[in-house]
Amino acid sequence: MTYAITQTCCNDATCVAVCPVNCIHPTPDEPDFGRTEMLYVDPRSCIDCGACADACPVDAIFPVDALTAGQQEYAAVNAAFYERRAPRPAPEGGPTFHAWGAPAFERTLPSDFAPLRVAVVGTGPAGMYAAEDLLLHTNAEVTLVDRLPVAGGLVRYGVAPDHPATKRIGDTFARFHTHPRVRMYLGVDVGTDVTAEELAAHHDAVVYAVGAAGDRRLGVPGEDRPGSLSATDFVAWYNAHPEVAPDAVDLSGTERVVVVGTGNVALDVARILVADPEALAATDIADHALAALRASAVREVVLLARRGPEDASCTASELLALGQLPGVHLVVDDHDPRVGAALDAAGPHEKAALLRGAVRERVDWSEPPGPRRRIVFRFHSAPEEILDGAVRVTGAGGPVEIPAGTVLRAVGYRGLPVPGLPFDEANGTVPHRAGRVEGRPGTYVVGWIKRGPSGGIGANRACAAETVGTLLNDAVDGALPVPTGTGRAFDRLARGRARHVVDARGLAAIERAERARGEETGRPRVKLGTVPELVAAARARRRLLR
């Protein structure tokens, strides 16, 4: 028996570090690491020890004979990776005696080095990987700052509710929230409550992990019409983000939704729109979103792609999962001869081959959606204009109007300027060299604000390692500015400026409150969806102690 890595792989390579026979690839020191959609177990050298499954932070690794019906194909996916890969020479002495590289300690400080005080702005995966790196490899003191009164970032507000295994990586990060060398300031906005200069004055270094909170525009007429919104806002809406109102999305009377894009976010959105609401009722989806989906008339979601199926930007694992939705049919609009030709020509391991089993038909858009729930892929088609109740798109035979009550653009995230830092408008990132912000000694970036909105949760681990390595090298070289303020002074500053500061104990109180609400309805949690609710839950602990 061997193990296989499945859809929810986060790519952070924790499993690689614990494998005793080096059977998981690509590893962080291999050229293709970060370029593959997931990691893969080599069935020829796996010894069935289960160490990888125990270490996986997102429960993505299972014995092949324990895979569910929906996961069975991942055994072949793992094996296929090694069929296409150049063979590795067999280790001398058998698989348990392969050559290990010399130990490397690239992110450390000399033992007699005074503790650094480092602020990390943002508590999503990028920020927490940076904090973890600092806490595990140095004696640094870490100040966690977030503008929202709750931690989590993309794990809390970006992962789809029907991917609970992916959310479990938040438990890995949460163990650092209460670390003795961590101080937490949630609800403090850098740029509003405190300036970048003030934050830097109280710390040896500042690492910005603020992500990419904006979204890319389509640039077509009618984009700002009612019923047209970004997938970014839609995802935040169903995840109970406090900055997106419960009534921001109106699905009443909408039978068809058009989603522009075929990336993983587009597939997430499509899946949530047509999924059985009662299945979603067992997740942490926002209450208002669950109610709206229960009342929704949506039966069809159309995914628009400018290019062909061979260039779909989603991962193969997400596309594979889309075809396993109970009661949902996949259809490919056969309006362009290039579409069928690409599907037929796709090799067995190519992404387009996963759509070969979908129904192909030339969809008549003048007809309303049928009674069955379905997702329609329309390739080689781009929006030209968003109309009242429809979207005009390109096609092989000329423009076509697709009636739709809602249009969602899912064409990518975009970083926003950080007050006090330089900004590259073209790329939506902060200019840097290996994480060091140009022209700002002691200031660093990590995650999407550093490299752009690419790579999943685990990609931030290697990204954080590079940034932290640069920071520590600067510290040893004496290149960090000397802070003029103390940690205690920053505490007074933050609490004096921000209206409601939530610390680690307050965050734990929020966690207990949400889980208690979930227990009442048989759900893992029911999220508090507004800032006042979150702050009130954080303060409840203090009221109980009085």
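Definitions and limits used
Residues numbered from 1 in each chain as written. Predicted model: local features only at pLDDT ≥ 70, side-chain atom pairs only at ≥ 80, totals over all residues. Heavy atoms only, no water. Helix = DSSP H or I, 4+ residues; strand = E, 2+ residues; numbered from the N terminus. Expected span 1.5 Å × (residues − 1). Buried < 20%, exposed > 50% of the residue type's maximum accessible area, 1.4 Å probe, protein only. Pairing = 2+ DSSP bridges. Axes fitted to C-alpha atoms, helices over the stretch in contact; angles between N-to-C directions. Phe/Tyr/Trp six-rings, centres within 6.5 Å; stacked < 30°, edge-to-face > 60°. Parallel < 35°, antiparallel > 145°, perpendicular 65-115°, else oblique. Left-handed = near helix turned anticlockwise from the far one by under 90°. Contact = heavy atoms within 4.5 Å. Nonpolar A, V, L, I, M, F, W, Y, C, P; charged D, E, K, R; others polar. Disulfide = S-S within 2.5 Å. Salt bridge = Lys/Arg side-chain N within 4 Å of Asp/Glu carboxyl O.

(A) Structural context of helix H16 (residues 459-476). In this model H16 runs 27 Å from its N-terminal to its C-terminal C-alpha over 18 residues, within 8% of the 26 Å that 1.5 Å per residue would give. Looking at H16, one finds that the buried residues are Asn-460, Cys-463, Ala-464, Ala-465, Thr-467, Val-468, Gly-469, Thr-470, Leu-471, Leu-472, Asp-474 and Ala-475. Phi turns positive, to about 75°, at Gly-478, one or two residues after H16.

(B) The sheet that holds strand S12 (residues 300-304), seen in detail. Pairing in this open sheet of 7 strands is parallel, and the strands run S10-S19-S11-S12-S15-S13-S14 from one edge to the other. A single partner strand is all that each edge strand has here, and the edge strands are strand S10 (228-230) and strand S14 (359-361). Each strand axis lies, on average, 25° off the axis of its neighbour in the sheet, ignoring direction.

(C) Just the packing of aromatic side chains, in detail. Scanning the entire structure with this criterion turns up 8 aromatic pairs. An angle of 85° between the planes, with centres 5.0 Å apart, marks the rings of Tyr-129 and Phe-173 as edge-to-face. Within this pair, whereas Tyr-129 is found in helix H4 (residues 125-137), its partner Phe-173 is found in helix H7 (residues 169-174), the two being separated by 44 residues in sequence. Residues Tyr-129 and Phe-173 agree in their burial class; the two are buried.

(D) Region of the structure containing the pairing of S12. In terms of residue burial, S12 counts as a mostly covered element, since 5 of its 5 residues are buried. Side chains of S12 alternate between two faces, with Glu-300, Val-302 and Leu-304 and Val-301 and Leu-303 buried alike. Pairing geometry for strand S11 (residues 256-260) and S12, over 5 bridges, is parallel. Each residue of the ladder has a partner; that of Val-259, found in S12, is Leu-303. Across 5 bridges, the pairing between S12 and strand S15 (residues 373-378) is parallel. Note that in S15 the partner of Val-301 across the bridge is Ile-375.

(E) Quick peek at the packing of H4 against H16. Packing of H4 against H16 leaves a shortest axis separation of 8 Å and a crossing angle of 50°. Taken together, the axis directions place H4 and H16 in an arrangement best described as oblique. Considering the relative orientation of H4 and H16, their crossing is right-handed. For the pair H4 and H16, contact is made by Pro-125, Ala-126, Tyr-129, Ala-130, Asp-133 and Leu-134 and by Asn-460, Arg-461, Ala-464, Ala-465, Val-468 and Leu-472, respectively. Tallied by class, the residues present in the contact of H4 with H16 amount to 9 nonpolar, 1 polar and 2 charged.

(F) Quick peek at the state of the cysteines. Enumeration over the complete set of coordinates arrives at 0 disulfides. Free cysteine: Cys-10, not disulfide-bonded; nearest cysteine sulfur from Cys-9 at 5.9 Å. Among the cysteines around Cys-314, which has no disulfide bond, Cys-9 carries the closest sulfur, lying 16 Å off. Accessibility expressed as a relative area gives 1% for Cys-314, which makes it buried.

(G) Geometry of the pattern of salt bridges. Under the defined criterion, the tally for this structure stands at 37 salt bridges. Linked through salt bridges whose partners overlap, the residues forming this network are Arg-156, Glu-511, Glu-514, Arg-515 and Arg-525.

(H) Molecular detail of helix H9 (residues 231-238). Across the 8 residues of H9, 7 count as buried, placing the element largely inside the fold. Turning to H9, its buried residues are Ala-231, Thr-232, Phe-234, Val-235, Ala-236, Trp-237 and Tyr-238. Ala-240 sits one or two positions beyond H9 and adopts a positive phi of about 65°.

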